[in-house]
Every structure is written in C-alpha cells, then in structure tokens.
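Listed below are the residues making up each chain.
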Amino acid sequence: MEKNIIIDDTSKFMEQQKVIISENLEQVLTTAIAQCPHDKLFVLTDETTHRLCLPLISGFDCMAEAQSIIIGATDANKTLDSLSHVWSELQRMGATRHSLMVNLGGGMVTDLGGFAASTFKRGIPYINIPTTLLSMVDASVGGKTGINFGGLKNEIGVFNNADCVILDTVFLRTMDHENLLSGYAEMLKHGLISNDRMWAELLNFDFEKPGESRPLSTLIADSVAVKQRIVTEDPTEHGIRKALNLGHTVGHAFESLALERKPILHGFAVAYGLIPELYLCCAKTGFPTGKMRQTVSFIKNQYGSMSITCDDYPRLLELMHHDKKNRGNAINFTLLGDIGDIRINQTASEEDIKEALDFYREC
Ligand SMILES: NC(=O)c1ccc[n+]([C@@H]2O[C@H](COP(=O)([O-])OP(=O)(O)OC[C@H]3O[C@@H](n4cnc5c(N)ncnc54)[C@H](O)[C@@H]3O)[C@@H](O)[C@H]2O)c1
Ligand SMILES: [Zn+2]
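Residues numbered from 1 in each chain as written. Chains lettered and ligands numbered in written order. Predicted model: local features only at pLDDT ≥ 70, side-chain atom pairs only at ≥ 80, totals over all residues. Heavy atoms only, no water.

Undergrad: Pulling in residues and values, what's your account of the coordination of the zinc ion (ligand 2)?
TA: Surrounding the zinc ion (ligand 2) are the protein donor atoms E186 (OE), H248 (NE2) and H266 (NE2), at 2.0 to 2.1 Å. Of note, the donors binding the zinc ion (ligand 2) are all from one chain and are spaced E-x61-H-x17-H. Taken together, the residues H248 in helix α9 (residues 248-259) and H266 in helix α10 (residues 266-285) connect sequence positions 18 residues apart. The buried category is assigned to H248, whose relative accessible area is 7%. (Donors = N, O, S within 2.8 Å, 3.2 Å for Na, K, Ca; no water. Helix = DSSP H or I, 4+ residues; strand = E, 2+ residues; numbered from the N terminus. Buried < 20%, exposed > 50% of the residue type's maximum accessible area, 1.4 Å probe, protein only.)

Undergrad: Can you lay out empty space enclosed by the protein for me, pointing to particular residues and giving the numbers?
TA: Empty space among the atoms can be located by rolling a probe the size of a water molecule over them. One pass over the structure, following the stated rule, counts one cavity of 30 Å³ or more. Every residue along the wall of the largest cavity is listed here: T110, Y126, N128, A139, S140, V141, G143, K144 and T145. (1 Å grid on protein atoms, 1.4 Å probe; cavity = no way out; pocket = protein on both sides within 12 Å on 5 of 7 lines; lining within 4 Å. Points joined across faces, edges and corners; volume = space filled by probe spheres on them.)

Undergrad: So, the site of ligand 1: which residues are in play, and what are the values?
TA: With respect to spatial proximity, 26 residues lie near ligand 1, and among them D75, K78, T131, T132 and T174 are the closest. Here an oxygen atom of ligand 1 sits 2.4 Å away from a polar atom, N or O, in the side chain of D75. Measuring from a nitrogen atom of ligand 1, one finds a backbone N or O atom of A139 at 3.4 Å. Out of a free accessible area of 860 Å², ligand 1 has 88% covered by protein chains. Put simply, the parts of the chain that give the shell around ligand 1 at least two residues each are α2 (47-52), α4 (107-119), α5 (133-139) and β8 (152-156). Residues belonging to the shell around ligand 1 are distributed by class as follows: eight nonpolar, ten polar and eight charged. (Near = heavy atom within 4 Å. Polar contact = N/O pair within 3.5 Å; in protein donor to acceptor, adjacent residues only side chain to side chain. Areas by Shrake-Rupley, 256 points an atom, 1.4 Å probe, with all protein chains shown as cover. Nonpolar A, V, L, I, M, F, W, Y, C, P; charged D, E, K, R; others polar.)

Undergrad: Tell me about the packing of α9 against α10, and please be specific about residues and values.
TA: With their axes 7 Å apart at the nearest point, α9 and α10 run at an angle of 130° to one another. In terms of axis orientation, α9 runs oblique to α10. α9 and α10 meet at a crossing whose hand is right-handed. Listed contacts from α10 to H248, T249, V250, G251, H252, F254 and E255 of α9 are H266, A269, V270, Y272, G273, P276 and E277. (Axes fitted to C-alpha atoms, helices over the stretch in contact; angles between N-to-C directions. Parallel < 35°, antiparallel > 145°, perpendicular 65-115°, else oblique. Left-handed = near helix turned anticlockwise from the far one by under 90°. Contact = heavy atoms within 4.5 Å.)

Undergrad: An account of unusual backbone geometry is requested, with residue identities and associated values reported.
TA: Positive phi, normally seen in glycine, also occurs at R122, with a value near 65°. Counting through the fold element by element, R122 comes out in the loop between α4 and β6 (126-130). Residue R122 is classed as exposed on the basis of its relative accessible area of 79%. Although it is not a glycine, N345 sits at a positive phi angle of roughly 55°. If you trace the backbone, N345 turns up in strand β11 (residues 341-348).

Printed below as a string of structure tokens:
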C-alpha cells in the first residue's frame, strides 16, 4: 500500500516546497515531475550517485527523456568549476528557462544543483532527491543553496526552495556507516531542540539491530518535519532558525581544525561540538545534567572522539570568532534550558568556552 506523506506546504515562503516521504518512488517522482511543466528534463548526479542511485530511477517512464549531468563527488567538488560545468552542460544540451532539473545526491549535489538551477537563466525549477541521511534530514530542505569559494564553505549562494523534495530510504542501502552516523548527528540535534520523546527515541536507536527500534524512515520523517517547521517560521535565519546551529559553533571550529590535520565528516564535528555546547547549556541556561550526560555518552559510544589538547584552544577560539553568525566580538551560541527549550543569541566568554573544552577532553 502506498503511504506518501506530504509534510508541509502551507507557508508563503514554503508554498512551492513539498517534502514527500515516499514509499513508492516511481509514483511520487512521476507526480512531482508532472506538477512542474517543462520542456526538457535534466538529472544532476555526482560520480558516485550516478553509479549507485541513478539506476534506481533511470528505468522509470518519467525519466526516459532525462539528460544526465555529472560532477565529481564529495565536498572538494562543490566549486565554481563544477558549477560552471553544470551551467555549460545545461547550455550545450539546450536547456531553457522552462527546463526542470532533478538533483540526485547528497548535500553537495543538492546544494550545488540547487544553486545552478536557481541561477541558470535567472532560475529554473528543481526537485531534490537526497540520497544520504544528512541530505535527507538537513541539506535538501530549507532552501539554502550554494558552493564553497575562496577557501570558505558555502560562501556563495542563494536561498531558494526546491519545488519538491522526495525522501526515500531505498537510497540509504548503499551508504557506509560513517556517512549514516554523520547524518544521524543532525537528527540528534533535531531531537534535542524538539522534545523528550524524540530525543529518547534517537538515543535508543540500535544501529546494530535497526529492526528492533522504530524504523529509521519514521525517525527521518520526524526529523525533517522539525527542520521544515523551523525554516518555515524563519526562512532567512533572523530568529528561530538559529536553533539549527546547536552544536555547530564549536562543531564548525572542530571541523576546520580537523581540515588542517585529518578531515572529519561534518556530522562527526557536530556530534563532538554538541559535547562542549551541552556543557555550556548546563552551566549557563540550566540544562539538566543527567540528560547532558546521557547524550554525551551516546555520542562517545557511537562517534568516538577527536583528540585535542589545551594548545589547540587559541586556534579553536580564533575559528569560533570567525564564524559568520557572530556579531561584533562575541561568540554566538544557541543553547538549551532543557530539551526543546531553545535559547538563541546566547554568548559565552573565552573562559567559559575553555572550561567547556576541558569538559570535552575529560568526559
Ligand atoms: N543546504 C543546507 O541547509 C545544508 C545543510 C547541511 C549540509 N549541507 C551541505 O551538505 C554537504 C554534505 O552533505 P553529504 O554528507 O550528503 O555529502 P555529499 O553529498 O558529499 O555525500 C557524501 C558522500 O556520499 C556519496 N553518496 C551519496 N549518496 C550515496 C548513496 N546513496 N550511497 C553511497 N554513497 C552515496 C557521495 O557521492 C559522497 O561521496 C556539504 O556540502 C554541506 O555544506 C547543506
Ligand atoms: Zn550541520
């Protein structure tokens, strides 16, 4: 039986964006494509999703006319060169402003493809089919598109929603455990900013025996609904959307530090970043210590840790100061008073942050 749930398409900003949890990919994709009248159809993949994911949809009648564009895989290819390649291919294959693009891939493909579609001939419609857990629960929803530039992540881009986002866990079958865990960190963040039930379910999910917990697909549906609700309320990140930055102030600094040594996946950096940030929540906004300890122990069990020493503190603080979300000299945090009790626009002194990093090293 089909059970395709449309999560939300009510707000003005989101009125074009539907997020569909699909259990019948062919039917959902056929409908989504039919709802975007177009002259030509393009499908963007990276080299990996071209090999592993495109075969799952290329046999559908609705994809028969689709012309394929391929870019290199991983964030290293989220560049102006790849973007320029997509624009050139669209031009070469005769795309017009009435053409439609399907982005089939992880966050790199949905971010870059979304930006390519948003800018080609001042914007053509696009559909996102995220194929990694991270892109399902985070990157493909919410309208942020872009590329890395001048050594900085997501430096150039626009806010522009996909016409439709189709989530189907069939794609996750070929994903490695590390990339699954990376996406799961964003789900954990969504649980922390939502409610005790979601948080507890996420901590109890058994990666060894996924069949014994609530199915991952329903956890994904809950998780993407959290993101959808928040971005609908605050599409351009002036207020509550900052809740999604939980774990990311320190997380981004860890990610950048790791880049100077041995790169780690974004979600791992977020998971590690949650540890000092939850410590700050306890110290500054009264987050319950027991829940902090439970979350930290889950993270340490699943993600291990990235080792840092006190000698890294100055560099980490410097990186946190450079975060584009700061204003003036203060380092901006989103903290929690409890699970679901979001406190945006919090600041912490360098001493507080060092104490939180001490906790990270010692816990
Ligand atoms: N727009 C947003 O709001 C937002 C939010 C979070 C992250 N992002 C962006 O998302 C990107 C990270 O997303 P990601 O983790 O999906 O990275 P990714 O797209 O680089 O995918 C990770 C790797 O998995 C491969 N892959 C994709 N689908 C697969 C599948 N089904 N089976 C096997 N391998 C598969 C990819 O080819 C790649 O090698 C970053 O560029 C980040 O900036 C954007
Ligand atoms: Zn993130």
